[in-house]
Amino acid sequence: MSLKRIYNTLFKCYGPQGWWPGETPFEIMVGAVLTQNTAWLNVERAINNLLDADALSPEAILEAQPTQLASWLKPSGYFNVKAKRLKNYCHWYLQNDTYQGLSVWPTEALRSGLLSVNGVGPETADDILLYAFERPVFVIDAYTRRLFKRLGLIEGDEHYEELRQFFESGLRKSNERIKLFNEYHALIVSHAKDFCKTRPVCEQCCLFKLCQQSC
DNA sequence: ACCCAGGGTCATA
DNA sequence: TATGACCATGGG
């Protein structure tokens with residue numbers, strides 16, 4: 001069963017997702033850091049705090065006192081850790097001439113640069129690469145591991161990079177890969193939030209015929 | 001009163 | 001290389 005077929009099934013079920021939820025590339029980057037192991041609703045609250053304080057910019061975040069920044073981030077959890085990580089990211093971002101400067105970097109160099117920031121791991125880096133810089137990178141998260149393990153296509157405990165290669169090479173022939181990867185990851189998240197929380201019967205899952213079990 | 005959420009770092013063996 | 005502790009809020 002092909003990755004493209006699974007995508008088509010999810011797309012037919014949930015429709016276009018239009019990710020990432022954020023107005024600007026920088027807001028997407030902030031959201032990517034804040035959503036680490038955290039429900040998105042709480043991230044929105046933290047981002048709204050930054051907006052209300054007129055602090056959703058790399059300059060304002062760097063200038064803010066650590067305790068002040070942490071208080072804005074409080075709803076998103078891990079607020080002391082994330083305050084530090086956001087400052088780390090903004091320091092790197094400004095040092096490299098922000099979006100204009102970074103947008104001309106080759107994807108692999110950009111990925112290495114993102115990973116050099118303390119607090120940015122592989123998933124956060126790939127969120128930023130795909131959704132802020134629009135590079136053809138497939139994001140692997142816990143939902144992706146769970147779904148494709150249940151579909152029988154992976155073991156689930158592979159290393160991040162191994163899984164990323166699996167998905168990117170499995171969709172190599174597709175055109176519009178950026179748009180495809182964008183929607184695919186968002187659809188996996190939508191499906192995960194849908195099942196099996198809101199629907200009690202797994203036969204109603206759009207992937208049931210492919211899955212033959214709860215996904 | 002639990003459990004989990006669109007992870008990552010650090011110390012330890 | 002590979003575990004475990006730690007970070008912390010809000011919803012179900």
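Residues numbered from 1 in each chain as written. Chains lettered and ligands numbered in written order. Predicted model: local features only at pLDDT ≥ 70, side-chain atom pairs only at ≥ 80, totals over all residues. Heavy atoms only, no water.

Participant: What exactly am I supposed to notice about the protein's contact with DNA strand B here?
Facilitator: Around DNA strand B sit 23 residues, and of these Trp 20, Gly 121, Glu 123, Thr 124 and Tyr 143 come closest. Separating a phosphate oxygen of DNA strand B from a backbone N or O atom of Glu 123 is a distance of 3.3 Å. Put simply, the parts of the chain that give the surface near DNA strand B at least two residues each are helix 9 (122–132), helix 10 (142–150) and helix 12 (177–194). The biggest single contributor to the surface near DNA strand B is helix 9, with three residues. Class assignment for the residues of the surface near DNA strand B results in ten nonpolar, eight polar and five charged. (Near = heavy atom within 4 Å. Polar contact = N/O pair within 3.5 Å; in protein donor to acceptor, adjacent residues only side chain to side chain. Helix = DSSP H or I, 4+ residues; strand = E, 2+ residues; numbered from the N terminus. Nonpolar A, V, L, I, M, F, W, Y, C, P; charged D, E, K, R; others polar.)

Participant: Help me understand helix 11 (residues 160–170) in this model?
Facilitator: Spacing of three or four residues puts side chains on the same side of an α-helix, whose turn is 3.6 residues. Of the residues making up helix 11, those classed as buried are Tyr 160, Leu 163, Arg 164, Phe 167 and Glu 168. The arc that holds every buried residue of helix 11, seen down its axis, measures 125 degrees, which confines them to one face. On its buried face, helix 11 is in contact with helix 1 (3–14), helix 8 (107–115), helix 9, helix 10 and helix 12. (Buried < 20%, exposed > 50% of the residue type's maximum accessible area, 1.4 Å probe, protein only. Arc of directions from axis to C-beta. Contact = heavy atoms within 4.5 Å.)

Participant: I'm lost on the protein's contact with DNA strand C in this one. Help?
Facilitator: Around DNA strand C, the structure places Asn 42, Arg 45, Lys 74, Pro 75, Gly 77, Tyr 78, Phe 79, Asn 80, Val 81 and His 159. The sugar-phosphate share of atoms of DNA strand C within 4 Å of the protein amounts to 58%. Here Arg 45 contributes a side-chain N or O atom positioned 2.6 Å from a phosphate oxygen of DNA strand C. At a separation of 3.0 Å, a phosphate oxygen of DNA strand C approaches a polar backbone atom of Val 81. Among the secondary structure elements, those contributing two or more residues to the surface near DNA strand C are helix 3 (40–52) and helix 6 (79–95). The element that contributes the greatest number of residues to the surface near DNA strand C is helix 6, accounting for three residues. For the surface near DNA strand C, the residue count by class is four nonpolar, four polar and two charged.

Participant: I tried to follow the packing of helix 8 against helix 9 on my own but got confused; where do I start?
Facilitator: Helix packing geometry: the angle between the two helix axes and the distance between the axes. Close contact between helix 8 and helix 9 brings their axes to 9 Å; oriented N to C, the two are set at 135 degrees. Comparing their axes, helix 9 and helix 8 come out oblique. Handedness of the helix 8/helix 9 crossing: right-handed. From helix 8, Thr 107, Leu 110, Arg 111, Leu 114 and Leu 115 reach across to helix 9, where they touch Pro 122, Ala 125, Asp 126, Ile 128 and Leu 129. (Axes fitted to C-alpha atoms, helices over the stretch in contact; angles between N-to-C directions. Parallel < 35°, antiparallel > 145°, perpendicular 65-115°, else oblique. Left-handed = near helix turned anticlockwise from the far one by under 90°.)

Fair warning: the whole summary comes from geometry, so function is off the table for now.
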